[in-house]
Amino acid sequence: MWTWPMRTMRGLLCAVAAWLPSPAVADDLDAAKLSSNLDLASLNDADLASRSIILLHMGDVELTSGRIVASDPLVGPDRPAFVRTVPPGNYPVTLYQAFGRIAAASLRFAEGKPVRWELAVIPGQDIKSLKGDEFFGYPVDAGLGCYMDADTYALIQEREQQVRTQKSSSDLNYYDDVLASEIEANDDKYVMHRPVAGKRGNVAIFWSGWGDGFYPVFWGLDADGRPLVLFTDFGVTENADGRREPGGG
C-alpha cells in the first residue's frame, strides 16, 4: 500500500547498526546529498506558494527539557532523544504540504536561514559509519511522525493508564482510544496532542508523507553552530518544489 524507496531500506540497516557504541560525528556528511528539500525551511510564503507548497502552522510544541524526540508516535514514543539539545521553551511547528501529502515538517528555534545542515543523530549513531547515500532516521509503521520532548513520553504513559482505568481493560489502542477524534478534526493530517490535560508537554503529530517508511531528520545551524530549525523530509518532493511529482513526466 505504501511506497518504500530502496534508499530507505539501506537507511533501516543503518538504524540497526545505530545501537553499536560509537561517537556521533556530524562533520563529514553533506546533508544536501540526502535531501534536496532543505530549502523548504527557509523559503518565504510567496516562494513556497509559487512552488505549489501549502503551509500548515500547527502551533507550538512545548519542550520542557530541550531533549527532542522525532519518531512514529504510535510505535516509537520511547525513542531516544537527539544528541543535540535546545533551550527549553515553546517552538512553532510548520508542515509543508504537496500533492495532498505532508511533504516535510519543521520545528523552528530562531529566525534566519541555516548556513549549514547536519543529520540529526541519537546516542550511539556514528556518521562516519555511513556509506554512499545511507542515512540515519526513524522508522514509521503507523503512517505518522512527530516532534516532542523526551519528558513527554511519561505523560503518554500516564494517559494510557487513565484510558485503561476508564475501560476497565488492559486492551488499549492509543490511536483509536485517544488520537482518532483529535486528528480527524484536521482531515487526518495533523494534531497538536496534549496527553494529559493541564500538564505541560504536548506532541506535534503529523502524517508522514506517503505513509510507512524510514525518514531522515536534519539540524539547520547558523554560522556559530546554533540550531535554527529541525527538519524532517518525507520524500514527497524534490528540490523543494511541489509542481511536479518526483519521477513524473
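Bear in mind the structure is a predicted one, so any value in this text is a computation, not a measurement.

S.K.: What am I meant to see in the sheet that holds strand β7 (residues 144-149) here?
M.R.: The strands making up a sheet associate through hydrogen bonds between their backbones, and the pairing can be parallel or antiparallel. Overall, antiparallel pairing links the 4 strands, which are arranged β2-β7-β9-β8 in an open sheet. The open sheet terminates on both sides in strands that have one partner only, identified here as β2 (68-71) and β8 (190-193). Pairwise comparison of adjacent strand axes, ignoring direction, gives a mean angle of 10° for this sheet. Judged from the 4 bridges that link them, β8 and strand β9 (residues 203-207) form a sheet pairing that is antiparallel. Bridging from a neighbouring strand, Val191 pairs with Ile205 of β9. Docked against the sheet, helix α4 (residues 174-184) engages β7, β8 and β9, running at close to 110° with respect to β8.

S.K.: Help me out: how do you make sense of α4 in this one?
M.R.: Because an α-helix packs 3.6 residues into every turn, residues spaced three or four apart end up facing the same way. Tyr174, Val178, Leu179, Ala180 and Ile183 are the residues of α4 that are buried. Buried residues along α4 sit against β7, α3 (152-167), β8 and β9. Its side-chain oxygen placed 3.0 Å from the backbone nitrogen of Tyr175, Asn173 serves as the N-cap of α4.

S.K.: How should the pattern of salt bridges be read in this particular structure?
M.R.: Working definition: two side chains of opposite charge can pair if their charged atoms are close together. What the rule picks out here adds up to 9 salt bridges. Of the charged contacts, one joins Asp151 and Arg67 as a salt bridge, the two residues approaching to 2.7 Å between their closest N and O atoms. A residue pair is termed long-range when its members are at least 10 positions apart, and Asp151 in the loop between β7 and α3 and Arg67 in the loop between β1 (54-63) and β2 qualify at 84 residues. Asp224 is the partner of Arg226 in a salt bridge, and the nearest nitrogen-oxygen pair spans 3.0 Å. Linked by salt bridges that have partners in common, Arg84, Arg116 and Glu118 make up one network.

S.K.: What am I meant to see in the sheet that holds strand β5 (residues 116-119) here?
M.R.: Read from one edge to the other, the open sheet built from 6 strands follows the order β1-β3-β4-β12-β11-β5, with strand pairing classed as antiparallel. Since the sheet does not close on itself, it has two edges, and those belong to β1 and β5, each with one partner. The sheet shows a mean angle of 25° between the axes of neighbouring strands, taken without regard to direction. Sheet topology places strand β4 (residues 101-108) next to strand β12 (residues 227-233); 5 bridges connect them, and they run antiparallel. Its bridge partner being in β12, Arg108 is matched across the sheet by Val229.

S.K.: Can you help me understand the side chain of Ser106 in this one?
M.R.: Assignment of secondary structure puts Ser106 in strand β4. Residue classification places Ser106 among the buried positions, given a relative accessible area of 3%. Separated by 3.0 Å, the side chains of Ser106 and Tyr96 make a polar contact. Beyond its immediate sequence surroundings of up to four residues, Ser106 is in contact with Pro92, Val93, Thr94, Tyr96, Tyr147, Val229, Leu230 and Phe231.

S.K.: Which parts of the structure should I look at to understand the nonpolar core?
M.R.: One recurring pattern in soluble globular proteins: nonpolar side chains tend to sit buried together. Ranked by size, the top nonpolar core spans 55 residues in total, and within it Leu107, Phe206 and Leu230 carry the most contacts. One finds Met148, Ile156, Leu179 and Ile205 within the second-largest nonpolar core, a separate group that totals 15 residues.

S.K.: Please clarify how the environment of Pro227 should be interpreted in this entry.
M.R.: Here Pro227 is to be found in strand β12. In this structure, the C-alpha to C-alpha distance between Pro227 and Pro114, residues 113 residues apart in sequence, is 8.3 Å.

S.K.: Please explain the side chain of Gln97 as it appears in this structure.
M.R.: As for its position among the elements, Gln97 is in strand β3 (residues 89-98). A polar atom in the side chain of Gln97 sits 3.0 Å from the side chain of Lys189. Not counting residues up to four positions away in its chain, the partners in contact with Gln97 are Ser52, Ile53, Ile54, Leu56, Ile102, Ala103 and Lys189.

S.K.: Help me understand the packing of α3 against α4 in this model?
M.R.: When two helices pack together, their arrangement is given by the angle between the helix axes and by the axis-to-axis distance. Running from N to C, α3 and α4 point in directions that differ by 110°, and their axes come no closer than 10 Å. In terms of orientation, α3 and α4 fall into the roughly perpendicular class. From α3, Ile156, Arg159, Glu160, Val163 and Lys167 reach across to α4, where they touch Tyr174, Asp177 and Val178. Within the contact of α3 with α4, the residues separate by chemical class into 4 nonpolar, no polar and 4 charged.

Definitions and limits used
Residues numbered from 1 in each chain as written. Predicted model: local features only at pLDDT ≥ 70, side-chain atom pairs only at ≥ 80, totals over all residues. Heavy atoms only, no water. Pairing = 2+ DSSP bridges. Helix = DSSP H or I, 4+ residues; strand = E, 2+ residues; numbered from the N terminus. Axes fitted to C-alpha atoms, helices over the stretch in contact; angles between N-to-C directions. Contact = heavy atoms within 4.5 Å. Buried < 20%, exposed > 50% of the residue type's maximum accessible area, 1.4 Å probe, protein only. Polar contact = N/O pair within 3.5 Å; in protein donor to acceptor, adjacent residues only side chain to side chain. Salt bridge = Lys/Arg side-chain N within 4 Å of Asp/Glu carboxyl O. Core = buried A, V, L, I, M, F, W, Y, C linked by side-chain atoms within 4.5 Å. Parallel < 35°, antiparallel > 145°, perpendicular 65-115°, else oblique. Nonpolar A, V, L, I, M, F, W, Y, C, P; charged D, E, K, R; others polar.

It is worth stressing that arrangement in space is one thing and function is another; only the former is reported here.
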